[in-house]
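The lines below spell out each chain.
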Amino acid sequence: MKNKNLICRKQGAYSEALTRGNTYQVIDINNDKEMVRIKCDNGRIRWFPLYLFNMNSEDVIDLISWKFDDEVSNDANETNWIEISLKMSDGSERWCILYTPERLRNCLQQPNVYPTGLHIKHMIVVKSYNVEDIQSVLDYLNQEDELIGATLPL
């Protein structure tokens, strides 16, 4: 596998050394420890976990843009989520639901709520419905290669 190129899909804790989407040439690999040795962005040669890279050299899919699908209300008693649509770098479109902690609490505190809890794979909890807060969360999930898993295809 030496001299093969790998694409970084996740920087993890190595943002000073790796860039998501960049290609790195393999210098060495330790399959037993699942580690790969590459030359970093900062010029150093070091070992990294293999899970940070696409082993099949497929390009990473990035967020291009997003938009609200619902009107955002400032009603403090609101219980509904907000839906958003996302456009990705591979041309695909995805969607998810956003809840704020307040709206989620309002939903679960309704007197006849059933079931009394929920699990929604494509739900993201955001601090607020401000564009900057949502963009920050989406950018973080994108950089950590978790945005695809947190959304569904349209």
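Definitions and cut-offs
- Residues numbered from 1 in each chain as written.
- Predicted model: local features only at pLDDT ≥ 70, side-chain atom pairs only at ≥ 80, totals over all residues.
- Heavy atoms only, no water.
- Core = buried A, V, L, I, M, F, W, Y, C linked by side-chain atoms within 4.5 Å.
- Buried < 20%, exposed > 50% of the residue type's maximum accessible area, 1.4 Å probe, protein only.
- Helix = DSSP H or I, 4+ residues; strand = E, 2+ residues; numbered from the N terminus.
- Contact = heavy atoms within 4.5 Å.
- Arc of directions from axis to C-beta.

K.L.:
Help me understand the nonpolar core, please; the structure alone is not making it clear to me.
P.N.:
General note: in soluble globular proteins, nonpolar side chains tend to be found buried as a group. Core analysis: the biggest nonpolar cluster contains 16 residues, and Leu86, Leu98, Ile124 and Leu138 have the highest contact counts within it. For this core, the secondary-structure elements that each account for two or more residues are β6 (63–68), β7 (82–88), β8 (93–99) and α2 (131–143). Dropping the residues within four chain positions of it, Ile124 is found in contact with Cys96, Ile97, Leu98, Tyr99, Val137, Leu138, Leu141 and Ala150.

K.L.:
Sorry if this is basic, but what is going on with the side chain of His122 here?
P.N.:
Turning to its location among the elements, His122 is positioned in the loop between α1 (101–108) and β9 (123–125). Overall, His122 belongs to the buried group, its relative accessible area being 15%. With residues up to four places along the chain from it excluded, the contact list for His122 reads Trp95, Cys96, Ile97, Ala150, Thr151 and Leu152.

K.L.:
Mind showing me how you'd approach the environment of Ser73 here?
P.N.:
Structurally, Ser73 can be placed in the loop between β6 and β7. For Ser73, a relative accessible area of 29% corresponds to the partly exposed category. For the pair Ser73 and Tyr129, spaced 56 residues apart in the sequence, the C-alpha separation amounts to 9.2 Å. Those residues in contact with Ser73, other than ones at most four positions away along the chain, are Glu78 and Arg103.

K.L.:
When you look at α1 in this model, what are you seeing that I'm missing?
P.N.:
Think of an α-helix as turning once every 3.6 residues; residues three or four places apart then point the same way. Residues of α1 that are buried: Arg103, Leu104, Asn106 and Cys107. With its buried residues spanning 160 degrees around the axis, α1 presents them on a single face. Against β7, β8 and β9 lie the buried residues of α1.

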